[in-house]
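Listed below are the residues making up each chain.
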Amino acid sequence: MLDSLGNLKRTHYCGALRANDAGAEVVIMGWVHRRRDLGQLIFIDLRDREGIAQIVVNKEDHPHIHAKAEQLRSEFVVAIKGQVIKRQKPNPEIATGEVEVIATELHLLNTSKTPPFQIENEITANEETRLRYRYLDLRRPKPHANLALRHRVVLEIRKTLDELGFYEVETPMLTRSTPEGARDYLVPSRVHHGQFYALPQSPQIFKQILMISGLDRYFQIVKCFRDEDLRADRQPEFTQLDLEMSFPRQQDIFETIEKVMERALAVIDVKVKGPFHHLDYHQALRRFGSDKPDMRFGMELQNVTEFFEPARPTFGFEGNVQAVVAPGAATWSRKQLDELAEQAKSAGAKGVYTIKVTADAVTSSLEKNLGAEKLKELAAKVGAKAGDLIVAVTAKQQIPHSDTSLNVAGQLRLHLGEKLNLIDRTRWEFLWITGFALFEWSETEKQWISAQHPFTGILEEDLDKIETAPWECRSKGYDLVLNGVELGSGSIRIHRQDIQERMFKALGLSEEQQRQRFGFFLDALTYGTPPHGGIALGIDRIVGLLAGEKSLREVIAFAKTTAAQDLMAESPSTVDAAQLDDLGLAIKSSNKE
């Protein structure tokens, strides 16, 4: 027989009890984490979101409560009334380990089936099982802590921006389809058959219109949606901090975000202080082979093409040769070197060449092609010391006006940094990347597309190149990077209609397409649009880094799988014929079937 909660009121969380509560009468409620039956005494570990408290039920004092306690199993829901006393043998493993509660009342509020996995921090259940039973998974301390951290970080962001004069404004979830690079999630209209809303990939146009509206400073913690293939750091629906300012210098936006990040990291007692380092996009690629470099270790890339040039016909490589120096790796075995070569080739390397530097010699299979003296000169140029391994890579040139070898060498640098334990995990290295190209080449579409989005501002001196040399155009865009992870992107926007139309035209949009997709926005730009700019940062990514998680799914309450499925809610799902009729829709068989 289950008991009713009635007027029973909780006085304390289980995990909040401490030695100074000794002598107090308390009411605590939660889930049975563990029960230990010693005959005369039954010990119950009762768990709630704040932790565990030990309950003692004495058969001699309360035989009816003892009989009830004998029926308890893991994850039963109970309420306990009793007196807090100090333990004779404290348990230093838990925060409540100095006290226990002597039960005077026990109310059984609900029973539970046997869970598919134990509610412990360390479990062996695979991710699919955890997501299917997410309501049980979230009872574990680590997911609890991640969601609590997320709450505190978001709260701190809101407080900071409020203090800086920003208004939080909600923008529509149902809007028109204005593709920004990924596929939209479409929502059919019941009232207007054959027409569709789209879930926003970002509030980009709306926040710019808010600047036209004179709001001056806007932010929003907002859900966004992109129908694209998923990875550990991608979800079809994600949360971002969206922010826009009127009349800003780029530096004003940087200073605002630096204050936000200082306060966000203070939540985990990490002190960072602006201004953050700045690095030009092309410098980042040349030095680190990435537009989001991890600055917690060195191993910068070095161009050693000049040493390989005489052997170019023999090796048959394209473009440049990039090298990194792996400290202390000259002792690596042939097997380790082969594994390294495979890693580089999986990243896109066409050729992988290794050179060992010892106190006596510089040795490599390259000697027959480059010569012993050239190898020594190469080692001297890259600053290799005795015990170091030089790894050089070439790559097939796949993208026009770019050096693919930089990207390959950048991935190799990260791999070696992990392998050699060169990354200082105690450091938090923020970095602003600026000087981005305005366009990037799409191998899929075989044309130049917007590197960020089509509303990104253009450096004035590059305006005349939009039509003639788009690859030379530089944007007013910027990225914020933390420990090698891109937290988000922003830019000073295009605020003139004539330039916005030129940008659309450069992206292949006809005047008719421009009016169809963006007519309302182009019209708005003609009504005194102020210069403006902003940024969007991934909340999931920020919290994931602060929590030390590798997957964003660990900091999202109800995440999707890499197949874009919610296993717990069993979505996406089919709908019945009547719903489709209301919308004027019919299901067409896929050509893939």
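All figures in this text were calculated on a predicted structure; none of them were measured in a lab. (Residues numbered from 1 in each chain as written. Predicted model: local features only at pLDDT ≥ 70, side-chain atom pairs only at ≥ 80, totals over all residues. Heavy atoms only, no water.)

(A) Highlighting the layout of surface pockets. Size it by volume and the second largest pocket reaches roughly 670 Å³. Around the second largest pocket, the lining comprises 19 residues; the ones closest to its centre are Y185, L186, P572, S573 and V575. Elements that contribute at least two residues to the lining of the second largest pocket include exactly β7 (185-188) and α17 (577-583). It is β7 that contributes the most residues to the lining of the second largest pocket, four residues altogether. For the lining of the second largest pocket, the per-class residue count stands at 15 nonpolar, two polar and two charged. (1 Å grid on protein atoms, 1.4 Å probe; cavity = no way out; pocket = protein on both sides within 12 Å on 5 of 7 lines; lining within 4 Å. Points joined across faces, edges and corners; volume = space filled by probe spheres on them. Helix = DSSP H or I, 4+ residues; strand = E, 2+ residues; numbered from the N terminus. Nonpolar A, V, L, I, M, F, W, Y, C, P; charged D, E, K, R; others polar.)

(B) Spotlight on the sheet that holds strand β12 (residues 302-303). In space, the five strands of this open sheet follow the order β12-β13-β16-β14-β15, with antiparallel pairing throughout. The sheet is open, and its two edges are formed by β12 and β15 (362-363), each paired on a single side. The sheet contacts of helix α10 (residues 334-346) involve β14 (349-357) and β16 (389-395), and relative to β14 the element is tilted by about 145°. In the packing of helix α13 (residues 404-419) onto the sheet, the strands contacted are β13 (322-326), β14 and β16, and the crossing angle to β16 comes to about 145°. (Pairing = 2+ DSSP bridges. Contact = heavy atoms within 4.5 Å. Axes fitted to C-alpha atoms, helices over the stretch in contact; angles between N-to-C directions.)

(C) The arrangement of the packing of aromatic side chains in detail. Per the stated rule, a full pass over the model turns up 15 aromatic pairs. Consider the rings of F254 and W432, whose centres lie 4.0 Å apart with planes at 15°: the pair is stacked. Taken together, the residues F254 in helix α6 (residues 250-266) and W432 in strand β17 (residues 430-434) connect sequence positions 178 residues apart. Just as F254 is buried, W432 falls in that class too. Measuring from ring centre to ring centre gives 4.5 Å for F504 and F518, while their planes differ by 10°; the resulting arrangement is stacked. With a gap of 14 residues between them, F504 in helix α14 (residues 497-506) and F518 in helix α15 (residues 511-524) connect regions that are remote in the sequence. F504 sits in the buried class, given a relative accessible area of 0%. Overall, the relative accessible area of 3% leaves F518 in the buried class. (Phe/Tyr/Trp six-rings, centres within 6.5 Å; stacked < 30°, edge-to-face > 60°. Buried < 20%, exposed > 50% of the residue type's maximum accessible area, 1.4 Å probe, protein only.)

(D) A look at α10. For α10, with 13 residues, the first-to-last C-alpha span of 18 Å sits near the 18 Å given by 1.5 Å per residue. Buried residues of α10: L337, L340, A341 and A344, and no others. Burial along α10 is one-sided: seen end-on, the buried residues are contained in an arc of 100°. Facing away from the buried side of α10 by over 90 degrees, the exposed positions are K335, E342 and S346. Immediately beyond the C-terminal end of α10, within one or two residues, lies G348, with a positive phi of roughly 115°. (Expected span 1.5 Å × (residues − 1). Arc of directions from axis to C-beta.)

(E) Examining the sheet that holds strand β20 (residues 477-482) more closely. Strand order in this open sheet of eight strands is β6-β9-β10-β22-β21-β20-β17-β11, and the pairing throughout is mixed. Lying at the two open borders of the sheet, with one neighbouring strand each, are β6 (167-168) and β11 (277-280). Sheet topology places β20 next to strand β21 (residues 485-492); six bridges connect them, and they run antiparallel. Opposite L480, over in β21, you have G488 as the bridge partner. Each of β6, β9 (217-225) and β10 (237-246) is contacted by helix α4 (residues 141-163), which is oriented at about 150° to β9, the strand it contacts most. Its contacts with the sheet put helix α5 (residues 204-212) on β9, β10 and β22 (532-538), and the angle it makes with β10 is roughly 20°.

What is shown is where atoms sit, not what they do.
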